[in-house]
Amino acid sequence: MSAQHAILAALVLPLVGALGIALAARISANLREAVTLATAAALAVVVWGLLPELMAGERPALRLAEIVPGIEIALRVEPLGMLFAALASGLWIINSIYSIGYMRGNREAKQTRFYIFFAIAIAAAMGIAFAGNLITLFLFYEILTLSTYPLVSHKGDANTVRSARVYLGVLLTTSIGLLLPAIVWTYYVAGTGDFVAGGILAGKIEGPAIGLLLGLFVFGVGKAAIMPMHRWLPAAMVAPTPVSALLHAVAVVKAGVFTIVKIIIYLFGVDFLFAAPSSGWLLYAAAFTIIAASVVALRQQNLKRLLAYSTIAQLSYVVMATAILKPLAEIGAATHMVAHAFGKITLFFAAGAIYVAAKKTELQQLRGIGRRMPWTMTAFTIGALSMIGVPPTGGFVSKWYILAGAFQADNYIAIGTIIASTVLNAAYFLPIVYMAWFSRESTPPQRDHGEAPFSMVLALTVTAALTIALFLFNGPVLELERQLVEGTL
Amino acid sequence: MIEFNHHLPALQVVVPLLSAPLVMLLRPAGLAWAATTAASVCAFAIAVALTLGVLAGHEYSYQMGNWPAPYGIELGVDAFTALVLLVVTGASTLALLAGRTSVDAEIEQPRQPLFYTAWLLALAGLVGMPVSADAFNIFVFMEISSLASYILISGGADRRALPAVFKYLVMGTIGATCYLIGIGLIYLMTGTLNLADMELRIHEVADKRPTLVAAGFITVGLALKAAVFPLHVWLPNAYTYAPNAVTVFLAACATKVALYLLLRFDFFVFQPNLDGHAVQFAYFLMPLAVLAILVGSGVALFERNLKRLLAYSSVAQIGYILLGASLVSLAGLGAGILHIFNHALAKGALFLAVACLASRCAGVRFEDIAGVAQRMPWTMGAFVLAGLSLIGVPGTAGFISKWYLISAALGEGVIGGLLVAVIVVSSLMAVVYIWRVVETAYFGMDSAAAAGPGESAAGVESATGVESATGVESAAEFESAAKVESAAKVESPAKVESNENTNSSGAIKSIGKVDGAAGAAVPGEAPAMLLAVTWAAALANLYFGLQSYLPVALSSSAAESLLRYVP
């Protein structure tokens, strides 16, 4: 299979899987689940199969369609996209195993629809990862927004529909209202929207317009949840937990920060932006989001909402690291995408397991739950430590690089933000961990429960292990990121 | 063969015009429908042939009865004409193919041949206007199409159509009269009615004032016909109370033809001759276009009748077309003309989906369509797709228009920035009004299903099925159990089928079944033919969103020919 075929397969496989799920569901639910798992496995094989070629310095590309001359749908594999695709496709397998346990254990309705739109969302994520130009990226970005709407509104009651409205409203408003004009503007001044190492905008645009365009992009990519465009993320928590875990901790939100990183590196160019004074605000916006979201997270009583605000803060780490505009910080940004993905998906998996086993959603209910669900809470603890950035977890590695980059640039605002936010992270995660392990249950639960279904425990154990593995064996990830930096700086 | 191709512009009008009296004589109604559809398909084929010819670089000019141009009547087809012809004949053909059942439901059998006759006359008038290169001939076709559309709109069972059509008639007549006055003034000054000749002769006339007045009359008259804000007041009710098939037909193309004439006159005839006409045109129409966009979308936000909602959205979309034109630049004009095509695609598909809904619901007000997606998943799927195109989501035809409009506006400096904001804000309003429909249809309480005894019984059964099922396999068990139980209790298993497979291919099977089980408690999917055409139109939105060569080539070529006099 040539690389071109593999790229195409990465897009088409989940869609074929969606069709297969629809057909298989008419025969039996087990077959449907089997199709999901098989599709996820096949996708991972295809995507990971692209790695060796990429490491060898190849940049396979593929042109899908030419809408009109000059505007085309084109795909191109580069290190950052590869990282994102490998992450999303790999975690989709684990998440599918988890989903099966969650959806069945929770006796959710309309499971077929759930799996179909999940597969479509993954296809969109692959499209974003491999997008070769802005138009392609925007196309799949919007498909991702729309295909996750049925997942967020899954429950269908009035409250869910209202939250789903916020979700769709914010994401579409930002993308059509800000991102689209920014994209057209880019094509208008540069004549192209191709992602080229070193950027395409240098010399095409100058003065305050740079800052304005950057602003349109950064706030237009609502998925990155830079304040004040963050409201959709807490709203999305009404979705079933597997959606929150893979999509709203990994695929969708990472698609957001990934888009911003890609725009900064491949459209503006790091050097060009570093020399432009009007782009400096981005760092402050990201730093503000980190601190503000962490403070808000401190006050949350609902576990999933707390995790959502923590995600908002962690996403801005990536944006802030990118905005430092130094090689080590860019590596830190990319590593943080991986580290946060492993850590946060573990946390969400744990939250979902607690919900399925004990029907508990609020922090105060978690007293002493560690003794009933030791595996789940161990994983939760590892995830929380990674969020704080304590070794031996992946979160430490990324924070290390971001700090190194900040020192490289003598950027004391970034350093101060990271320190403050680490303290805040510890302040809202450690009490939960403490409560779960060392407090006594205030009231005995209505139902004497143990761990969640096996498939869920398996999934969260694997992701917790990955969180630690990222600390111990991060060579391949960093190698990939060095390629990213070499190509651009 | 070349000889035959040469006659295509004439045949484009002649085929529907001469089929009309023939159809009047045909009985039964089915035969009349078949003949009308055949004529419309023929007309569409001719339009396609003309388009291919134009794309190959051919310009058609046809002398009626071989009388040379300034004296005889000339017909002409260039890229702009071809684009409008495609839209008109395409809309008519789709509406006819889809509309059989909906016409049957709304118009009693004996009157159908007359209805179809009026349809063909309207079609003949609507294609006659663009192909005519003669100002008075245009007026004749305008009257033919207007009178026929009044009949079409008031042809349905809904009596509210009568006051609506009366308003349309009065305003339409005023518009046509304004146009005629303008033509009369020019004829007085130049002694010619041929557009090309007119353009040359006006140049020679020393006193420009009558021409200026004529330009005003013609612009306002055509703006009225085109429902340009604030002359749009006839449009919403006319679209709302017309039979559904007629709405599909007229909404996609009637106003577009008037816009075509407006641009043709202002750019082709007046622009080269009147100093500062471009500026006057822009200053007069740009504010109206902006108001149309904002007010049209704004009213649509609060509308609770689906057809009225889409009609107000049309007012806004006409604003887009005009906004592009009022930039008086190649890019702007091209974007506006492109939107004629793309909006017809989106709005045609949307009104087709509405026709599907109307065929199975008590009405198309929000309360009638609440929760309807459960039993009509395919219809709502097409509606969402076409709605996304209207919003301008990438991958759809609407996106291409938005792209070119925003690009064109960016070329205009500060005003351009404001126009981009207007376009964007209105797109967001479109998100809101489309999504209100989607939420109602997908998450609302289905009154029909609640009322239907069969459906509610199945609902209760399945609900208890969920509660009582134990074990991890509950989903599979529940699905099969619900099927068995409801099959025993309810006569039509197809209902449950379509209820469960809201999103999947399973519904294909249920379409056929529902038709067979008509008369059961709750109606399911729309008639197969109607649905198939709706989906074809919806998919066309995707196709032209990903392969936009044809409309873009036509519209940019049209813009170039309209602006060839502007330095």
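Here the structure is a predicted model, which means the values were calculated and not measured.

Attention shifts here to the overall build of chain A. The number of helices and strands found in chain A is 20 helices and two strands. Its C-alpha atoms give chain A a radius of gyration of 21 Å, within 12% of the compact-globule value 23 Å for 489 residues. In terms of principal-axis extent, the alpha carbons of chain A reach across some 65 × 55 × 45 Å. The buried share of chain A, reckoned over its 489 residues, is 62%. Taking as baseline every contact in chain A between residues at least 6 positions apart, the subset at least 24 positions apart corresponds to 81%.

Our next topic: the packing of helix α2 (residues 8–25) of chain B against helix α3 (residues 29–55) of chain B. Residues and elements named next belong to chain B. In contact at an axis separation of 9 Å, α2 and α3 are set at 175 degrees when each is read in the N-to-C sense. Considering their axes alone, α2 and α3 lie roughly antiparallel with respect to each other. Contact residues: α2 offers L8, L11, Q12, V15, P16, S19, L22 and V23, while α3 offers A32, A35, T36, A39, C42, A43, I46, A47, A49 and L50. The residue inventory of the contact of α2 with α3, partitioned by class, reads 15 nonpolar, three polar and no charged.

A few words now on the environment of V16 of chain A. Residues and elements named next belong to chain A. Locating V16 in the fold gives a position in helix α1 (residues 3–24). The class of V16 is partly exposed, set by 15 C-beta atoms lying within 10 Å. When the C-alpha positions of V16 and V35 are compared, they lie 10.0 Å apart, and in sequence the two are 19 residues distant.

The next thing to look at is the interface of chain B and chain A. Put simply, an interface is often sized by how much accessible area is lost when its parts join up. Across the contact, 33 residues belong to chain B and 33 residues belong to chain A. Where the side of chain B that touches chain A is concerned, the elements lending two or more residues are α17 (397–410), α18 (413–443), α21 (474–489) and α25 (549–562) of chain B. Counting residues per element, the side of chain B that touches chain A draws most heavily on α18 of chain B, at eight residues. Class assignment of the residues belonging to the side of chain B that touches chain A gives a composition of 19 nonpolar, twelve polar and two charged.

The UniProt record marks residues 131–423 of chain A with the feature "domain: NADH:quinone oxidoreductase/Mrp antiporter transmembrane" (unreviewed entry), using the residue numbering of this structure. Here residues 131–423 of chain A runs as 75% helix and 0% strand, with 37 Å between its end C-alpha atoms.

So, about the domain arrangement of chain A. Residues and elements named next belong to chain A. Its domain assignment divides chain A into domain 1 (1–279) and domain 2 (281–489). For domain 1 and domain 2, the distance between their C-alpha centroids amounts to 21 Å. Taken together, the contact pairs 49 residues of domain 1 with 49 residues of domain 2. Elements with a contribution of two residues or more to the side of domain 1 that touches domain 2: α4 (79–105), α8 (208–220), α9 (232–235), α10 (241–268) and α11 (270–274).

This paragraph deals with the nonpolar core. With 416 residues, the main nonpolar core has A10 of chain A together with L83 of chain B as its most contacted residues. Each of domain 1 (1–279) and domain 2 (281–489) of chain A gives at least three residues to this core. Those residues in contact with L83 of chain B that sit more than four places away from it in its chain are I337, I340, F341, P551, L554, S555 and A558 of chain B.

Let us now look at the environment of F249 of chain B. Residues and elements named next belong to chain B. Note that F249 resides in helix α11 (residues 244–270). Assessed through the 29 C-beta atoms surrounding it within 10 Å, F249 is described here as buried. Residues F249 and F351, spaced 102 residues apart in sequence, show a C-alpha to C-alpha distance of 9.0 Å. Apart from residues lying up to four places away in sequence, F249 is in contact with A91, S92 and A95.

A few words on the packing of α4 of chain A against α10 of chain A. Residues and elements named next belong to chain A. Taken N-terminus to C-terminus, the directions of α4 and α10 make an angle of 170 degrees; their axes are 9 Å apart at the nearest point. Classified by the angle between their axes, α4 and α10 sit roughly antiparallel to one another. Here L80, F84, L87, A88, L91, W92, N95, Y98, S99 and Y102 of α4 lie close against α10, whose contacting residues are T241, P242, A245, L246, V250, A251, K254, F258, V261 and K262. Within the contact of α4 with α10, the residues separate by chemical class into 15 nonpolar, three polar and two charged.

The next point concerns the confidence of the model for chain B. Residue and element names in this part refer to chain B. Scored by pLDDT, chain B comes out at a mean of 83, with 86% of its residues at no less than 70. Throughout residues 452–520 the model reports pLDDT below 50, and contacts reaching past four residues in sequence, or to other chains, amount to 106 contacts. Taken together, the chains of this predicted complex give a pTM of 0.87 and an interface ipTM of 0.88.

Residue and element names in this part refer to chain B. Cis rather than trans, the peptide bond between R27 and P28 has omega equal to -5 degrees. Positionally, P28 belongs in the loop between α2 and α3. Following F229, the chain continues into P230 via a peptide bond in cis, with omega recorded as 0 degrees. Topologically, P230 is positioned in the loop between α9 (209–225) and α10 (235–241). Non-glycine residue A227 carries a positive phi angle of around 60 degrees. Looking at where A227 falls in the secondary structure, it is placed in the loop between α9 and α10.

So, how was this worked out
Residues numbered from 1 in each chain as written. Chains lettered and ligands numbered in written order. Predicted model: local features only at pLDDT ≥ 70, side-chain atom pairs only at ≥ 80, totals over all residues. Helix = DSSP H or I, 4+ residues; strand = E, 2+ residues; numbered from the N terminus. Rg over C-alpha atoms; globule rule 2.2 N^0.38 Å. Buried ≥ 20, exposed ≤ 12 C-beta atoms within 10 Å, placed from the backbone. Contact = placed C-beta atoms within 7 Å. Axes fitted to C-alpha atoms, helices over the stretch in contact; angles between N-to-C directions. Parallel < 35°, antiparallel > 145°, perpendicular 65-115°, else oblique. Nonpolar A, V, L, I, M, F, W, Y, C, P; charged D, E, K, R; others polar. UniProt positions renumbered as here; feature names shortened; annotations may be inferred. Domains from an automatic or database assignment. Core = buried A, V, L, I, M, F, W, Y, C linked by C-beta atoms within 7 Å. pLDDT = per-residue confidence, 0-100.

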